[in-house]
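Topology and contacts: notes
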Amino acid sequence: MRESRSDGELLRAIAADGDRRAFEELYRRYAPWLRARLRGRCADAGIVDDVVQETFLAVWRGSARYREEGVPDAAGWLWRIGSRRLIDALRGDGARGRLRQALGRLRHRDEASAEERVLAGVEHGDLAGALVRLSPELRAVLQATVVDGLTTREAAVLLGIPPGTVKTRALRARKQLREELA
């Protein structure tokens, strides 16, 4: 039985020879890990699956060249490709349209979302009441940046507003919460 090849050997074989077995081994080794990391950044499993496929497609086609001397490990290199592809996907009209549709459906539901129930259930002082009194726009920014852990840019794409507006709304929301809780 042959020993498994190192990441560098796999990547060199893919780049030099288009070695399909090396590619499949690299995919089996890193696709689940990359998918899990991307899910931490995006809750839409469809977008995440597309990004994982696009990442490995870029590796296969050679548009993303691995330079062993410049990259400490294959995982970090794949993460850089995948995270950039995720940002591109979230910026794209298709992803943005799907997100707007999903958010539109959520806005018109009578039942509160799980996140809204968690936020409303916080029992430190009057935080739950203060959160309920925030405007929907301010609550949406807090949810995206605090609860979901998105960056300002990612929240802007998700909410369909400029990054500066995300920052302004986040500041207003924090100020309003501080005033009400003081």
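Residues numbered from 1 in each chain as written. Predicted model: local features only at pLDDT ≥ 70, side-chain atom pairs only at ≥ 80, totals over all residues. Heavy atoms only, no water.

Scanning the entire structure with this criterion turns up seven salt bridges. For arginine 35, the salt bridge identified is with aspartate 49, shortest N-O distance 2.8 Å. Highlighted residues: arginine 35 in helix α2 (residues 20-39) and aspartate 49 in helix α3 (residues 45-61), separated in sequence by 14 residues. Ionic contacts of the salt-bridge type, sharing partners, join the residues Asp7, Glu25 and Arg29 into one network. (Salt bridge = Lys/Arg side-chain N within 4 Å of Asp/Glu carboxyl O. Helix = DSSP H or I, 4+ residues; strand = E, 2+ residues; numbered from the N terminus.)

A word on the nonpolar core. Counting residues in each nonpolar core, the largest one holds 27 residues, and the members touching the most others are Leu26, Tyr30, Leu38, Val52, Phe56, Val59 and Leu86. Put simply, the parts of the chain that give this core at least two residues each are α1 (7-17), α2, α3 and α4 (74-91). Of the residues forming this core, the biggest block, eight residues, is contributed by α4. Aside from chain neighbours lying at most four places away, what touches tyrosine 30 is Asp7, Phe56, Ala74, Ala75 and Leu78. Ala144, Leu150, Leu159 and Ala170 belong to the second-largest nonpolar core, a separate cluster that totals 10 residues. (Core = buried A, V, L, I, M, F, W, Y, C linked by side-chain atoms within 4.5 Å. Buried < 20%, exposed > 50% of the residue type's maximum accessible area, 1.4 Å probe, protein only. Contact = heavy atoms within 4.5 Å.)

We now examine α2. For α2, with 20 residues, the first-to-last C-alpha span of 27 Å sits near the 28 Å given by 1.5 Å per residue. The sharpest bend along α2 reaches about 40° and sits at tyrosine 30, with the proline proline 32 one to four residues further on. Where α2 is concerned, the buried positions are Ala22, Phe23, Glu25, Leu26, Tyr30, Ala31, Leu34 and Leu38. Residues of α2 that are buried in the fold lie against α1, α3 and α4. N-capping of α2 is provided by aspartate 19, with a side-chain oxygen placed 3.0 Å from the backbone N of arginine 21. (Expected span 1.5 Å × (residues − 1). Bend = angle between axes of the 7 residues up to and from the residue. Polar contact = N/O pair within 3.5 Å; in protein donor to acceptor, adjacent residues only side chain to side chain.)

Treat this as a map of the structure, not an account of what it does.
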